[in-house]
Amino acid sequence: VQLQASGGGLVQAGGSLRLSCAASGRTFSRYHMGWFRQAPGKEREFVATITWSGGSTYYADSVKGRFTISRDNAKNVVYLQMNSLKPEDTAVYYCASSPSYPQLLLHGYDYWGQGTLVTVSS
């Protein structure tokens, strides 16, 4: 599966953005999906994950209650709705696919998108 993330941009603190990750390939609906982020000078970290059916989700504590992951298997897209954004959410956001759930570790993901930059100004 090939993944293409989009939707990043510049937003003020307290604002919202919705990221999209479009997948190509007929097997998208078989994969659990995740979002990660990497801030400048920091390691890539887990943000959220969703099962292949969309029936279960799991979030990092830092985004719980503010971010929502969802997917539309008919459109081969996974979303990350980000509300109440903070300057510390500034990072490049990546989507990825995994055969297991919940998967919080980078090495548990086999396909990655190219990343989309989110900048939150104070």
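See the structure shown above.
Please read all numbers here as calculations on a predicted model, not as lab measurements.

J.: Whenever I open this one, the state of the cysteines confuses me. Can you help?
T.: As used here, a disulfide is simply a covalent bond connecting the sulfur atoms of two cysteines. Taken as a whole, this structure holds one disulfide when the rule is applied. Covalently, Cys21 is tied to Cys95 through a disulfide, its sulfur atoms 2.1 Å apart. With the S-S dihedral at roughly 65°, the linkage between Cys21 and Cys95 falls on the right-handed side. Within this pair, whereas Cys21 is found in strand 3 (residues 17–24), its partner Cys95 is found in strand 9 (residues 91–98), the two being separated by 74 residues in sequence. Residue Cys95 is classed as buried on the basis of its relative accessible area of 0%.

J.: Just checking my understanding: could you explain the sheet that holds strand 7 (residues 67–72) for this structure?
T.: Across a sheet, paired strands are connected by hydrogen bonds in the backbone, their directions being either parallel or antiparallel. The strand order 1-3-8-7 describes an open sheet built from four strands, whose pairing is antiparallel. Edge positions in the open sheet fall to strand 1 (2–6) and strand 7, since each of these has one partner strand only. When strand polarity is set aside, the average angle formed by the axes of neighbouring strands in this sheet is 15°. Taken together, the six bridges between strand 3 and strand 8 (residues 77–82) define a ladder with antiparallel strand orientation. Looking at the pairing, Cys21 lines up with Val78 of strand 8.

J.: Mind showing me how you'd approach a nonpolar patch on the surface here?
T.: The grouping of Tyr58, Leu104 and Leu105 at the surface amounts to a nonpolar patch, some 260 Å² of accessible area in total. Along the chain, the position of Tyr58 falls in strand 6 (residues 57–59). Using a relative accessible area of 38% as the deciding quantity, one classes Tyr58 as partly exposed.

J.: Quick question: what am I supposed to make of the pattern of salt bridges here?
T.: Two side chains carrying opposite charge are able to pair once their charged atoms lie near each other. Under the counting rule described, the total for this entry stands at four salt bridges. The shortest N-O distance in the salt bridge between Arg37 and Glu45 comes to 2.7 Å. Glu45 sits in the partly exposed class, given a relative accessible area of 37%.

J.: Explanation requested: the pairing of strand 3 in the structure shown.
T.: Where strand 1 and strand 3 come together, five bridges link them in antiparallel fashion. Across the sheet, the residue bridging to Ala5 is Cys21, located in strand 3.

J.: What's the story with the side chain of Gln103 in this structure? I'm lost.
T.: Relative to the assigned elements, Gln103 resides in the loop between strand 9 and strand 10 (111–112). Among the polar contacts listed, one links the side chain of Gln103 to the side chain of Ser100, at a separation of 3.0 Å. Residue contacts for Gln103: discarding those within four places in its chain leaves Phe46, Thr49, Ser98, Gly108 and Tyr109.

Scoring rules and cut-offs
- Residues numbered from 1 in each chain as written.
- Predicted model: local features only at pLDDT ≥ 70, side-chain atom pairs only at ≥ 80, totals over all residues.
- Heavy atoms only, no water.
- Disulfide = S-S within 2.5 Å.
- Helix = DSSP H or I, 4+ residues; strand = E, 2+ residues; numbered from the N terminus.
- Buried < 20%, exposed > 50% of the residue type's maximum accessible area, 1.4 Å probe, protein only.
- Pairing = 2+ DSSP bridges.
- Axes fitted to C-alpha atoms, helices over the stretch in contact; angles between N-to-C directions.
- Patch = residues over 30% accessible without salt bridge, like charges linked within 9 Å, V, L, I, M, F, W, Y side chains within 5 Å.
- Areas by Shrake-Rupley, 256 points an atom, 1.4 Å probe, with all protein chains shown as cover.
- Salt bridge = Lys/Arg side-chain N within 4 Å of Asp/Glu carboxyl O.
- Polar contact = N/O pair within 3.5 Å; in protein donor to acceptor, adjacent residues only side chain to side chain.
- Contact = heavy atoms within 4.5 Å.

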